[in-house]
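Letter by letter, the chains look like this.
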Amino acid sequence: MGAITRAAANNFTTSGVILPGAINNTTVASISQLTQVAGKTQTLIQSQTASSSSAVSFTTGIDSTYDIYKFEFIQVHPASDNVQFRHAASTNGGSAYDLNPILSFFEAENHEGSDGASLGYITGHDNANNSGDTAKFTYNIGNDSDQSTSGEMWLFGPSDSTFVTQFMTTMITTHNADYSKMSFTCGYYNHASDIDAIQFTMSSGNIDAGKIKLYGIQGS
Amino acid sequence: MSIAASLANNLKTGAVFKRTAVNNTSVSSVTSFAGVSAGALTLLATQTASSSAQLDFTSGIDSTYDSYIFHLNNMHLATDQAHVQFQADTGTNTNYNLTVTNTYFRANHNEDDSLATVSIDAARDQSQGTGFIQFMSAVTDENDSGSSGIIRIFGPSSTTSVKPFLGVCNCHHHNPGSDVSRNISIGGYFNTTTAITRFRFNSSSGNIDAGVIKLYGVS
């Protein structure tokens, strides 16, 4: 028996089943899908890191592959003080972000000092039909070096051509006047067209830093 | 039968292995699939309470993941009207007293339908406090009572930013005459630019009688 044959034989049971010694991480490095394996909840489609970026745009990966998509925002830091983080949608791969978002906006806040805590609806940050505004989903982010906003945005059925496209966001923000601001928005892009790109901007200035991840929800 | 013959039985004509050739033991040495896209929740640790003074997560929280999630399932406290609460710390410290500013609001509905409200609860938040963060508040110690929820931590290993967190839970709140389903949302930040490495969960009074907390990394 040759050396390779003998070594190979050692990697099989007497009934011909492969033993652990025959398969390691390198062996499976080319596997890109585990379609029969349960438990994976979401698939990372794209991750972008802002670096003095005027906008962070996701122009690929939003299609009919998944019914539900989720963005995650990790410590997104604005270059300018007292600004709003916004999203906008496109039906033409990002050539124009001109869809109308209609949304409600409420928040819970608490100050680092003695200004107290409150819960309330913010009319200045919601959108009505044809307002022409992008969708604001945070409240007055501060630009101190340790200030940022984090959270998530769900997008439902962006490729559906029958229904409007719903979204909802939950964010935690360090406010420019040292409040903890927990913001909630729900709304919809009032178009029954196929949304295929989403863009994130600040209401003024660049996105200085932070990471934005796009996931497809497995099985949706 | 020789191994060669057995092996042959597990091969198709194109020398492709049949499913009978591979079982769970065969792949027990595989810890990662480098070619498979990320996105899963990776279970990092599980802590099960059993009359426990606290549940500590002291490893696995680092720069490997951008965000982490705790799942708290059926937390049951030994003391009536106590709170499930948490704090964090840095390095190998065990003080669990980082400075926190957070919000706390809840929606209440009780079992006899006489209470249905949503409101902020400033008595349960912190403004640059260093105490434990109240999450599941004034839960009942009835045997069938369990409170469950989720806490998310963003960028705990950052040395630039404060450490934001979000939490939502539903707790079985003690209310004389008619217990309450209390939906609680918290959000805030640990006001430190030092990397956070560990979390502690405990009860504001007495032990955590039962319950499971799992820590996941989000890739």
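Owing to the predicted nature of the structure, the values given are computational and were not obtained by experimental measurement.

1. Points about a nonpolar patch on the surface
There is a patch of nonpolar side chains on the surface, built from Phe17, Val22 and Val27 of chain B and spanning about 200 Å² of accessible area. Of the residues examined, Val27 of chain B reaches a relative accessible area of 32% and is grouped as partly exposed.

2. So, the nonpolar core
Counting 36 residues, the largest nonpolar core has Phe70, Leu72, Phe86, Met136, Phe190, Phe199 and Phe201 of chain B as its most contacted members. Examining the composition of this core, we find that 5 residues originate from one element, strand β3 (residues 67-77) of chain B, more than from any other. With residues near it in sequence (within four places) discarded, Phe199 of chain B still touches Leu55, Asp56, Phe57, Ile61, Phe70, Phe86, Gln87, Ala88, Tyr96, Ile153 and Phe190 of chain B. If you look at the next biggest cluster of nonpolar residues, it comprises 32 residues, including Ala50, Val56, Phe85 and Phe167 of chain A.

3. Observations concerning the environment of Ala49 of chain B
All names here are of chain B. Residue placement: Ala49 occurs in strand β1 (residues 41-52). Sequence-wise, Ala49 and Ala4 are 45 residues apart; in three dimensions their C-alpha atoms are separated by 51 Å. Non-local contacts of Ala49, meaning those with residues more than four positions away in its chain, are made with Leu55, Ile208, Asp209, Ala210 and Gly211.

4. Considering the sheet that holds strand β6 (residues 117-121) of chain A
Residues and elements named next belong to chain A. Taking strand neighbours across the sheet as the criterion, the 8 strands line up as β1-β12-β3-β8-β9-β10-β5-β6 in an open arrangement whose pairing is antiparallel. Strands with a single pairing partner mark the edges of an open sheet, and in this sheet they are β1 (42-53) and β6. Direction aside, neighbouring strands of the sheet carry axes that sit 10° apart on average. Of the pairings in the sheet, the one linking strand β5 (residues 101-111) to β6 comprises 5 bridges and is antiparallel in character. Across the sheet, residue Ala108 finds its bridge partner in β6, namely Leu119.

5. What to know about the pattern of salt bridges
Should their charged atoms come close, side chains of opposite charge can pair. Under the defined criterion, the tally for this structure stands at 11 salt bridges over all chains. When the shortest N-O distance is used, the salt bridge between Glu152 of chain A and Lys70 of chain A registers 4.0 Å. Of the two residues, Glu152 of chain A is situated in strand β8 (residues 149-156) and Lys70 of chain A in strand β3 (residues 68-78); the sequence distance between them amounts to 82 residues. With respect to class, Glu152 of chain A is no different from Lys70 of chain A; both count as buried. Glu109 of chain A is paired through a salt bridge with Lys181 of chain A; the nearest N and O atoms lie 2.4 Å apart. With Glu109 of chain A in strand β5 and Lys181 of chain A in strand β10 (residues 179-189), this pair connects stretches of sequence that are 72 residues apart. Judged by relative accessible area, which is 13%, Glu109 of chain A ranks as buried. You can call Lys181 of chain A buried: its relative accessible area is 4%. What emerges from the salt-bridge pattern is a single network uniting Lys70, Glu72 and Glu152 of chain A together with Arg152 of chain B.

Conventions used here
- Residues numbered from 1 in each chain as written.
- Chains lettered and ligands numbered in written order.
- Predicted model: local features only at pLDDT ≥ 70, side-chain atom pairs only at ≥ 80, totals over all residues.
- Heavy atoms only, no water.
- Patch = residues over 30% accessible without salt bridge, like charges linked within 9 Å, V, L, I, M, F, W, Y side chains within 5 Å.
- Areas by Shrake-Rupley, 256 points an atom, 1.4 Å probe, with all protein chains shown as cover.
- Salt bridge = Lys/Arg side-chain N within 4 Å of Asp/Glu carboxyl O.
- Buried < 20%, exposed > 50% of the residue type's maximum accessible area, 1.4 Å probe, protein only.
- Core = buried A, V, L, I, M, F, W, Y, C linked by side-chain atoms within 4.5 Å.
- Helix = DSSP H or I, 4+ residues; strand = E, 2+ residues; numbered from the N terminus.
- Contact = heavy atoms within 4.5 Å.
- Pairing = 2+ DSSP bridges.
- Axes fitted to C-alpha atoms, helices over the stretch in contact; angles between N-to-C directions.

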